[in-house]
Amino acid sequence: MLDQGAPPHSSSQTAPPSPGVGARLMRRKPVENLVAEGGQGEGGSLRRTLGLWQLTMISIGATLGTGIFVVLGEAVPKAGPAVTLAFVIAGLTALFSALSYAELAGTIPVSGSSYSYAYATMGELIAWICGWCLVLEYGVSVAAVAVGWGEYLNELLDGTVGVTIPAALSAPPGDGGVFNLPALIVVLLAMAFLLGGARESARANTVMVIVKIGALVMFCAIGVQGFRSGNYENFMPLGMAGVSAAGATLFFSYIGFDAASTAGEEAKNAQRDLPRAIMLSLVIVTALYVLVAAVAVGAKPWKNFTDSEAALAQIMREVTGQTFWGTLLAFCAVIAIASVVLTVLYGQTRILFAMSRDGLVPKVFAKVHPKTGTPRANTLIVSLFCGVLAAAIPLGQLADATSIGTLFAFALVNVAVVVLRRTRPDMPRTFRVPLSPVLPALGFAFCVWMMGSLSTVTWVVFGVWMAVGLVFYFVYGYRRSRLAPSEK
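Not measured: the values here are computed from a predicted model.

A.B. asks: Sorry, what's going on with the overall build of the protein here?
C.D. replies: Counting secondary structure elements, the protein contains 18 helices and two strands. Expected size for 488 residues packed as a compact globule is a radius of gyration near 23 Å; at 24 Å, the protein falls within 12% of this value. With respect to the principal axes defined by its C-alpha atoms, the protein has extents near 105 × 45 × 40 Å. For the protein, the proportion of its 488 residues judged to be buried stands at 59%. In the protein, of all internal contacts separated by at least 6 residues, the share reaching a separation of at least 24 is 84%. Here the protein displays about 18400 Å² of accessible surface, and carbon together with sulfur accounts for 66% of that area. Of the charged side chains in the protein, 32 are positive and 25 negative, and the gap between their average positions amounts to 8 Å.

So this is what it looks like as structure tokens:
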């Protein structure tokens, strides 16, 4: 006879207790799952069409031009002639992080970049924070670079047809304008290329990268004729604090080297080519940055840099006394900066693609068009958002906001590479950071130091951004994560 008071199920059949909130926030996505899902989206898959050359050009395209063509005029007043040292410090900081990126890109060759690396090593909450920083890093930098594109477009128009776009339509509110139309236009042009497919976009980018390297070599050849050693007499007029502040701003110039890691699911041989592309692009870019900055300050007294986003074209005009060379440089810069917009916008869409596939952002970002093999809806949404942002916010605020998001994400990458070494020492690695964990620790320390050099306003903006991101995660991503069902 059954005991009427007995529970309907035996204790052996009792479901295990669900994990607590803390455990769910720390849930990790296995590396094998990340790699196995590579390229898979909603309704289609990304296509593996990119080789080492294209990946390197993507990294250079996303990096080279931003700091030299756009941010140099903002950094020189902060550091004086020591802006060259600021470029070296920013490049060294980028190098430490690039080593960690190279190891992780070869080990986990997926589109999510540091977001995916954090997901595999430090858990979902840290991964979300990293991904949210990448949205700030990539999305806002597209807008920042687009603002500088408009400045050079005006230089080109002035030198060719003698007219410029009225300030009301070529500058954002706060900079004397109402709406920055050129900035919106260049983002929409980049969007059109991306909608055509990754291979087609890579071809266009390669042509633009060759043009921009040629333009910078031309600037050095002509600008050195106006070089005055006296411009370097007071090398560090604002002290090391000024160099540090300029370096933090200029770090914005180095975000592109990690763009190759966002192409992990469209690379033909990702594990071999991604580490090589990352390191090769960083070496080329740093050398050009330091050389051009040295020539620019030598040709123009640092006090005469007045926050102009078209500083190089102005120097060319002043050195030669002719408008032709400045106009030619402005033409090259229009093409060069467009390639930065194209490749950084590409990176942003691929990061959101990975986050969407994991369930942390809406599914629309992971939908792949069957004919082009691109996340079409994702590209449209991101492009329109960045275009409007570029048209409405001044460059300086955008550049600093991008720098702090970049530095935070890079700091996490330096931690992730050490964690993965300890938790998965057996994994095959096509590249290994030398002297680990010393160099990753230095990379982390440099990132934190440079973050501390940014203004209080930038930190406030960053804090608000992170608060909004955490609210979104707990309202949406926490419950919709693809890892959540397995824990119910």
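A.B. asks: What is the right way to look at the packing of aromatic side chains in this model?
C.D. replies: The geometry of an aromatic ring pair comes down to the distance between the two centres and the angle between the two planes. Applying the stated criterion across every chain, the model contains 23 aromatic pairs. Summarising the aromatic geometry, the rings of Y101 and F257 are spaced 5.6 Å apart at their centres and angled 90 degrees between planes, so their arrangement reads as edge-to-face. Residue Y101 is located in helix 5 (residues 83–107), and its partner F257 is located in the loop between helix 11 (239–250) and helix 12 (270–299); the two are separated by 156 residues in the primary sequence. Each member of the pair Y101 and F257 is classed as buried. The interplanar angle of 20 degrees and the centroid separation of 4.5 Å between the aromatic rings of W132 and W465 together place this pair among those described as stacked. With W132 in helix 7 (residues 124–160) and W465 in helix 18 (residues 456–480), this pair connects stretches of sequence that are 333 residues apart. One aromatic cluster is present, formed by W128, W132, W465, F472, Y473, F474, Y476 and Y478 through successive ring pairs.

A.B. asks: Would you mind going over the pattern of salt bridges with me for this structure?
C.D. replies: Think of it this way: side chains of opposite charge can pair up when their charged atoms draw near. Per the counting criterion, the structure on display carries 13 salt bridges. In this structure, E32 and R424 form a salt bridge, with 2.7 Å as the shortest nitrogen-oxygen distance. With E32 in helix 2 (residues 31–36) and R424 in the loop between helix 16 (395–423) and helix 17 (438–452), the pair connects residues that are 392 residues apart, well separated along the chain. The class of R424 is partly exposed, set by a relative accessible area of 24%. When the shortest N-O distance is used, the salt bridge between R357 and E37 registers 3.9 Å. Separated by 320 residues along the polypeptide, R357 in helix 14 (residues 323–357) and E37 in the loop between helix 2 and strand 1 (40–41) bring together distant segments of the chain. No difference in accessibility class separates R357 from E37, as the two residues are buried. Shared partners join several salt bridges into a network, and the residues in it are K29, E37, E265, R357, D358 and R482.

A.B. asks: Looking at this structure, I do not really get the nonpolar core. What am I missing?
C.D. replies: For soluble globular proteins, nonpolar side chains are generally found buried alongside one another. With 160 residues, the main nonpolar core has F69, V83, F87, Y152, F219, L312 and L329 as its most contacted residues. By residue number, the principal contributor to this core is helix 7, which donates 21 residues.

A.B. asks: What is the right way to look at unusual backbone geometry in this model?
C.D. replies: Most peptide bonds take the trans form, and the phi angle of most residues other than glycine is negative. In the segment running from S436 into P437, the intervening peptide bond is cis, with an omega of 10 degrees. Position of P437 among the secondary structure elements: in the loop between helix 16 and helix 17. Positive phi, normally seen in glycine, also occurs at S113, with a value near 55 degrees. Even without being glycine, L435 reaches a positive phi, approximately 55 degrees. With respect to the element layout, L435 can be found in the loop between helix 16 and helix 17. By relative accessible area, L435 is classed as exposed at 62%.

A.B. asks: How do you make sense of helix 15 (residues 376–392) when you look at a structure like this?
C.D. replies: For an α-helix, 3.6 residues make a turn, and residues three or four places apart therefore share a direction. With 17 residues, helix 15 extends 25 Å between its outermost C-alpha atoms, agreeing within 8% with the 24 Å of an ideal straight helix rising 1.5 Å per residue. Residues of helix 15 that are buried: N378, T379, V382, S383, C386, G387, L389, A390 and A391.

Parameters and conventions
- Residues numbered from 1 in each chain as written.
- Predicted model: local features only at pLDDT ≥ 70, side-chain atom pairs only at ≥ 80, totals over all residues.
- Heavy atoms only, no water.
- Helix = DSSP H or I, 4+ residues; strand = E, 2+ residues; numbered from the N terminus.
- Rg over C-alpha atoms; globule rule 2.2 N^0.38 Å.
- Buried < 20%, exposed > 50% of the residue type's maximum accessible area, 1.4 Å probe, protein only.
- Contact = heavy atoms within 4.5 Å.
- Areas by Shrake-Rupley, 256 points an atom, 1.4 Å probe, with all protein chains shown as cover.
- Lys, Arg positive; Asp, Glu negative; His and termini not counted.
- Charge placed at Lys NZ, Arg CZ, Asp CG, Glu CD.
- Phe/Tyr/Trp six-rings, centres within 6.5 Å; stacked < 30°, edge-to-face > 60°.
- Salt bridge = Lys/Arg side-chain N within 4 Å of Asp/Glu carboxyl O.
- Core = buried A, V, L, I, M, F, W, Y, C linked by side-chain atoms within 4.5 Å.
- Expected span 1.5 Å × (residues − 1).

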